Amino acid sequence: MFKYCLKRFGISVITIWIIITITFFLMHSMPGTPFSTEAHLTDEQIRIMYENYGLNEPLYKQYIIYMNQMIRGNFGLSFQQNNAAVSHMITSRMGPSLQLGIQSIIVGTIAGIGVGFISAIYRHSWGDTLMQSLAIFGRSTPVFVLAVILQYLFAVRWTWFPIAFWNEGWRSTILPTLALSLTPLAIAARLIRSEMIEVLSSDYIEFSYAKGLPRFKVMLVHALPNAALPMLTVLGPVTARLITGSIAVEKIFAIPGMGHLFIESILSNDYSVIMAMTIVFSVLLISVIFLTDVIHAAINPKVHLIEEEAP
């Protein structure tokens, strides 16, 4: 198990380094500069700013300097936000994105398990058709479309919740949470249904019935836990994406989250913020995948045993 975890950790570190390196050089190949929007600056002023920020150095040297600073946790200063510390900008935007992401993954996963569970039990019934239609709708509908529909119905037409902004406590989180939770709901529902159908045909389920156990107990205690195991692998990346913020939802509901900050930095060529946000997104995503692999291997020892025995 230790060898398996060490190997996965090494792969994760190398992957993050590759992503950072590719992003750094691609970013510097983008058209324009961080000062392209500053039309009032003279050429001399731009030259001085290049020197102050170290942008006049060769690209390889900039890369080495940045990596040294990044390892120490220093992401530099923003080119567009009055020299604000990038680390502070990210931490100030992280709260709303984390809250929405955690809420949406919890709501979506629980609801999806329920939908898939009911579909599997009442397979080929009208309830199964209804639940599957809901899952297909959630999988095929863009999140920004659902966000606009929810916004119109519950904020404009019926005025139950605030239409946007982040200033009314928990009420401000309801509509964006519902919009974001549809994706994990659809994934969990379809996965649980297919896994439950497969598990219900297993010998140990038939043996449980033969022992006289109630149908509901067999379903809930014996079938559902085994059917839910593959969700770890599928919902891991979804969790990371939701926690780091949804650009569309944050834009529609005017939420000051990380997704909103990321799109602002791209539009303004704010190199420091782009790099820092890429690192945060990559670390969170790969960390979740790493933890998912470790948990999966701990629950199912066959995973790491097969890999360790492979040449």
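Residues numbered from 1 in each chain as written. Predicted model: local features only at pLDDT ≥ 70, side-chain atom pairs only at ≥ 80, totals over all residues. Heavy atoms only, no water.

- By the naming in an unreviewed UniProt entry, the protein chain is ABC transmembrane type-1 domain-containing protein, taken from Dolosigranulum pigrum ATCC 51524.
- Taken directly from UniProt, the Subcellular location (unreviewed entry) text for the protein chain runs: "Cell membrane".
- Taken from UniProt, the Sequence similarities (unreviewed entry) comment for the protein chain reads in full: "Belongs to the binding-protein-dependent transport system permease family." (UniProt positions renumbered as here; feature names shortened; annotations may be inferred.)

1. Points about the UniProt feature "transmembrane region" (unreviewed entry) in the protein chain
Turning to step 1, where the next piece is worked out: Per the UniProt record, "transmembrane region" (unreviewed entry) is annotated on residues 9-27, 100-122, 134-154, 174-192 and 271-291.
Turning to step 2, where the next piece is worked out: In the segment residues 100-122, helix accounts for 96% and strand for 0%; the C-alpha atoms at its two ends are 33 Å apart.
Turning to step 3, where the next piece is worked out: Taken end to end, residues 134-154 is 90% helix and 0% strand, and its first and last C-alpha atoms sit 19 Å apart. (Helix = DSSP H or I, 4+ residues; strand = E, 2+ residues; numbered from the N terminus.)

2. Some details on the environment of Ile110
Turning to step 1, where the next piece is worked out: Structurally, the position occupied by Ile110 is in helix α4 (residues 86-121).
Turning to step 2, where the next piece is worked out: By relative accessible area, Ile110 is classed as exposed at 58%.
Turning to step 3, where the next piece is worked out: Along the sequence, Ile110 and Ala189 sit 79 residues apart, while their C-alpha atoms lie 9.4 Å from each other. (Buried < 20%, exposed > 50% of the residue type's maximum accessible area, 1.4 Å probe, protein only.)

3. Observations concerning the side chain of Thr141
Turning to step 1, where the next piece is worked out: Note on placement: Thr141 falls in the loop between α5 (126-140) and α6 (143-157).
Turning to step 2, where the next piece is worked out: At 2.6 Å, the side chain of Thr141 forms a polar contact with the backbone oxygen of Phe137. (Polar contact = N/O pair within 3.5 Å; in protein donor to acceptor, adjacent residues only side chain to side chain.)

4. A few points about the packing of helix α8 (residues 203-210) against helix α9 (residues 215-228)
Turning to step 1, where the next piece is worked out: In contact at an axis separation of 10 Å, α8 and α9 are set at 160° when each is read in the N-to-C sense. By the angle between their directions, the pair α8 and α9 is classed as roughly antiparallel. Between α8 and α9 the crossing geometry is right-handed. Residues Tyr204, Ile205, Ser208 and Tyr209 of α8 lie in contact with α9, whose contacting residues are Arg215, Val218, Met219, His222, Ala223 and Asn226.
Turning to step 2, where the next piece is worked out: Class assignment of the residues belonging to the contact of α8 with α9 gives a composition of 6 nonpolar, 3 polar and 1 charged. (Axes fitted to C-alpha atoms, helices over the stretch in contact; angles between N-to-C directions. Parallel < 35°, antiparallel > 145°, perpendicular 65-115°, else oblique. Left-handed = near helix turned anticlockwise from the far one by under 90°. Contact = heavy atoms within 4.5 Å. Nonpolar A, V, L, I, M, F, W, Y, C, P; charged D, E, K, R; others polar.)

5. Comments concerning α5
Turning to step 1, where the next piece is worked out: The end-to-end C-alpha distance of α5 is 21 Å, a good match for the 21 Å that 15 residues give at a rise of 1.5 Å each.
Turning to step 2, where the next piece is worked out: The inward-facing, buried residues of α5 abut α4 and α7 (171-200). (Expected span 1.5 Å × (residues − 1).)

6. Things to note about unusual backbone geometry
Turning to step 1, where the next piece is worked out: In this model, Thr159 sits at a positive phi of 50°, which is unusual for a non-glycine residue.
Turning to step 2, where the next piece is worked out: Mapped onto the elements of the fold, Thr159 is located in the loop between α6 and α7.
Turning to step 3, where the next piece is worked out: When its relative accessible area of 55% is taken as the criterion, Thr159 is described as exposed.
Turning to step 4, where the next piece is worked out: Of note in the backbone geometry, Ala254 takes a positive phi value of approximately 55° without being a glycine.
Turning to step 5, where the next piece is worked out: For Ala254, the position within the fold is in the loop between α11 (247-252) and α12 (258-267).
Turning to step 6, where the next piece is worked out: Judged by relative accessible area, Ala254 falls into the partly exposed class, the value being 27%.

7. Here we look at helix α3 (residues 59-71)
Turning to step 1, where the next piece is worked out: The terminal C-alpha atoms of α3, which comprises 13 residues, lie 18 Å apart, in line with the 18 Å expected from a rise of 1.5 Å per residue.
Turning to step 2, where the next piece is worked out: Of all the residues in α3, the buried ones are Gln62, Tyr63, Tyr66, Met67 and Met70. Along the long axis of α3, the arc covered by the buried residues comes to 130°, so they all point the same way.
Turning to step 3, where the next piece is worked out: With its phi angle positive at about 85°, Gly73 sits one or two positions after the end of α3. (Arc of directions from axis to C-beta.)

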